[in-house]
Amino acid sequence: MNIEHLKENGLDIAVVSGDETIISDVQSALDLMMTVRYDTGADRIAIDKACITEDFFILSTGLAGEILQKFINYRVKAAIWGDYTRYTSKPLRDFIYESNHGKDFFFKADRAEAVRRLAETE
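In this text, all values refer to a predicted model and were calculated from it rather than measured experimentally.

Calculation criteria
- For every chain, the first residue of the written sequence is number 1, and numbering continues from 1 along that sequence.
- Reporting of local features is limited, given that this is a predicted model, to residues whose pLDDT is at least 70; pairs of side-chain atoms are given and counted only at 80 or more, and all residues count toward the totals for whole chains, interfaces and linings.
- Hydrogens and waters are ignored; side-chain quantities use all the structure's heavy atoms.
- Only buried residues count toward a nonpolar core. Its members are Ala, Val, Leu, Ile, Met, Phe, Trp, Tyr and Cys residues joined through side-chain atoms within 4.5 Å.
- In this scheme, a residue with accessible area under 20% of its type's maximum is buried, one over 50% is exposed, and one in between is partly exposed, where area comes from a 1.4 Å probe on protein chains only.
- Think of it this way: any DSSP run of H or I at least four residues long counts as a helix, any run of E at least two long counts as a strand, and we number them from the N terminus.
- Residues are treated as being in contact if the distance between any of their heavy atoms lies within 4.5 Å.
- The directions from the helix axis to the C-beta atoms form the arc being described.
- Polar contacts here mean pairs of N or O atoms no more than 3.5 Å apart (in protein, one a potential hydrogen donor and the other a potential acceptor; neighbouring residues in sequence count only if both atoms are side-chain atoms).
- In this analysis, strands are considered paired if DSSP registers two or more bridges between them.
- All axes here are fitted lines through C-alpha atoms, helices being fitted over the stretch that makes contact, and every angle between N-to-C directions spans 0 to 180 degrees.
- In what follows, salt bridge is the name for a side-chain nitrogen of Lys or Arg lying within 4 Å of a carboxyl oxygen of Asp or Glu.

Peer 1: In this structure, what is going on with the nonpolar core? I would like to understand it.
Peer 2: In summary, soluble globular proteins display a tendency toward joint burial of nonpolar side chains. If you look at the biggest cluster of nonpolar residues, it comprises 32 residues, and the most contacted ones within it are Phe56, Phe71 and Phe107. The set of elements that each furnish at least two residues to this core consists of β2 (11-17), α1 (26-40), β3 (44-48), α2 (63-73), β4 (77-81), α3 (90-100) and β5 (105-108). Considering each element in turn, this core owes the most residues, 6 residues, to α1. Ignoring any residue separated from it by four or fewer positions in sequence, one finds phenylalanine 107 in contact with Phe56, Phe57, Ile80, Tyr84, Phe95, Ile96, Ser99 and Asn100.

Peer 1: Whenever I open this one, α3 confuses me. Can you help?
Peer 2: Each α-helix winds once per 3.6 residues, and so residues spaced three or four apart point in a common direction. If you check which residues of α3 are buried, you get Leu92, Phe95, Ile96, Ser99 and Asn100. Down the axis, α3 shows its buried residues gathered within 125° of arc, on one side only. Across from the buried face of α3, at angles greater than 90 degrees, the exposed residues are Lys90, Pro91 and Glu98. Against α2, β5 and α4 (111-120) lie the buried residues of α3. In this structure serine 89 caps α3, since a side-chain oxygen of it lies 3.2 Å from the backbone nitrogen of leucine 92.

Peer 1: Got a minute to help me understand the sheet that holds β2 in this structure?
Peer 2: Think of a sheet as strands paired side by side through backbone hydrogen bonds, with each pair either parallel or antiparallel. Strand order in the open sheet formed by 5 strands is β1-β2-β3-β4-β5, and the pairing between neighbours is mixed. A single partner strand is all that each edge strand has here, and the edge strands are β1 (2-8) and β5. Recorded for the sheet is a direction-independent mean angle of 20° between the axes of neighbouring strands. With 3 bridges connecting them, β2 and β3 associate as parallel partners. Paired with alanine 14 across the strands is isoleucine 45, a residue of β3. The strands that α4 touches are β1, β2, β3, β4 and β5; relative to β2, the one it contacts most, it runs at about 150°.

Peer 1: Would you mind showing me how to read the side chain of threonine 121 here?
Peer 2: Within the fold, threonine 121 resides in the segment after α4. A distance of 2.6 Å separates a polar side-chain atom of threonine 121 from the backbone oxygen of arginine 117.

Peer 1: Can you help me understand α4 in this one?
Peer 2: Buried residues of α4: Ala114, Val115, Arg117, Leu118 and Ala119, and no others. On its buried face, α4 is in contact with β1, β2, β3, β4, α3 and β5.

Peer 1: Explain the pattern of salt bridges to me, please; I cannot follow it from the model alone.
Peer 2: It is possible for side chains bearing opposite charge to pair when their charged atoms get close. Counted under the stated rule, the structure contains 7 salt bridges. With a closest N to O distance of 2.7 Å, glutamate 54 and arginine 86 form a salt bridge. Of the two residues, glutamate 54 is situated in the loop between β3 and α2 and arginine 86 in the loop between β4 and α3; the sequence distance between them amounts to 32 residues. Glutamate 54 gets classed as partly exposed once you look at its relative accessible area, which sits at 34%. According to the relative accessible area criterion, arginine 86 is exposed, its value standing at 54%. Salt-bridge contacts for lysine 90 lead to aspartate 94; the nearest nitrogen and oxygen are separated by 2.9 Å.

If you want it as C-alpha cells, here you go:
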C-alpha cells in the first residue's frame, strides 16, 4: 500500500494506491481511515479502485453501504477512482450517480478527478 499526502486548496488529502486489496471488509476500511489519519492527518482519501474488493461493487452484499456509513460517521470524505464501465447493474449505477451528487463519497474515472472532487467539497 502506498499513501501519498497532498495539500489541495489548503486541505489534506491522502491518495491510497497499490496492487493488493486493502479494503476487503468494514474493519479493513476502518483500519485504512485510522492509518491515513495517523500518518497524514487527512480526513479526505482518494482510493484506487484496485485496492477495494469486488464484493464492494455487488450491492446485495451490503458492504458498500456499511463502509459508506463508517466513512460518514467518522467524517471522512472519500473518492474511489477507476473504471466502472464494465458494471451493468442498474442499482450500482444508481448508487454511483447518487454518491457523485452528494458531498461525502465519490466515484471518479481517474486519480486527478478524485483529488479535485475532494478538494472542492466542503
